[in-house]
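Descriptive structure summary
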Amino acid sequence: ISKCGIVAAHSLEYMLRRLQAFARFAKKKGGGKGKKPAGDTDPTGPLNMSCFQLMVKDEVPKALPDSEYPEWLWKLAEPRLTITDLETNYDNLNMAELTQYIRAKRREQLRETNADSLRF
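Attention here is on the structure that accompanies the text. In every chain, residue numbers begin from 1 and rise along the written sequence. A pLDDT threshold of at least 70 governs which residues receive local features in this predicted model, and a stricter bar of 80 or more applies before side-chain atom pairs are shown or counted, although totals over entire chains, interfaces and linings include all residues. Only hydrogens and water are set aside when side-chain values are computed; all heavy atoms of the structure are taken into account.

Further remarks concern the packing of aromatic side chains. Centres within 6.5 Å make a pair out of two Phe, Tyr or Trp rings, where for Trp the six-membered ring is used; the pair is then stacked when the planes are under 30 degrees apart, edge-to-face when over 60, and tilted otherwise. Scanning all chains against the criterion turns up two aromatic pairs. Taking the centre distance of 5.4 Å and the plane angle of 65° together, the rings of Tyr-90 and Tyr-101 count as edge-to-face. With a gap of eleven residues between them, Tyr-90 in the loop between helix H4 (83-88) and helix H5 (95-118) and Tyr-101 in helix H5 connect regions that are remote in the sequence. Only protein chains enter the calculation, and the probe is 1.4 Å; a residue is then buried if its accessible area is under 20% of its type maximum, exposed if over 50%, and partly exposed in between. What makes Tyr-101 buried here is its relative accessible area of 13%. Only DSSP runs of H or I with at least four residues qualify as helices, and only runs of E with at least two residues qualify as strands; both kinds are numbered from the N terminus onward.

The next thing to look at is a positive patch on the surface. Judged by side-chain charge, Arg-80, Arg-103, Arg-106, Arg-107 and Arg-111 come together as a positively charged surface patch. Here Arg-107 lies in helix H5. Each patch is built from residues lacking any salt bridge and having more than 30% relative accessible area; the joining distance is 9 Å for like charges and 5 Å for nonpolar side chains (Val, Leu, Ile, Met, Phe, Trp, Tyr). Where accessible areas are quoted, they stem from the Shrake-Rupley method and a 1.4 Å probe; at the residue level, only the protein chains shown are allowed to cover. In the sections that follow, a salt bridge refers to a side-chain nitrogen of Lys or Arg positioned within 4 Å of a carboxyl oxygen of Asp or Glu. Charge assignment: positive for Lys and Arg, negative for Asp and Glu; neither His nor the chain ends contribute. By convention, the point assigned to a charge is CZ for Arg, NZ for Lys, CD for Glu and CG for Asp.

Geometric descriptors of this kind do not, in isolation, establish any biological role.
Below, the structure is given as structure tokens:
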């Protein structure tokens, strides 16, 4: 967090990873016989959300039911397409997928170049 209270992008990514890990943990923990995890039914239940408290003066955020969150949030957890998948459908890519493909190819070429320069 910067001095003016703006959250950096890497902080948001960190929070998203923590939330995903917490969701996986909650599903594993409450997976008994027909028993639902407490986090899915009662948003004020035993969830400890103190790791998402960004500023000391702020209060700890409360977990909401899944229906309260926007649809795009759940799409962030979906796995991204691999380079081979993008290469096979190269002619039918939309702009976001094309950008992902170009960045992945550049990253791959950069790694190859760096690996070649390390060899004697």
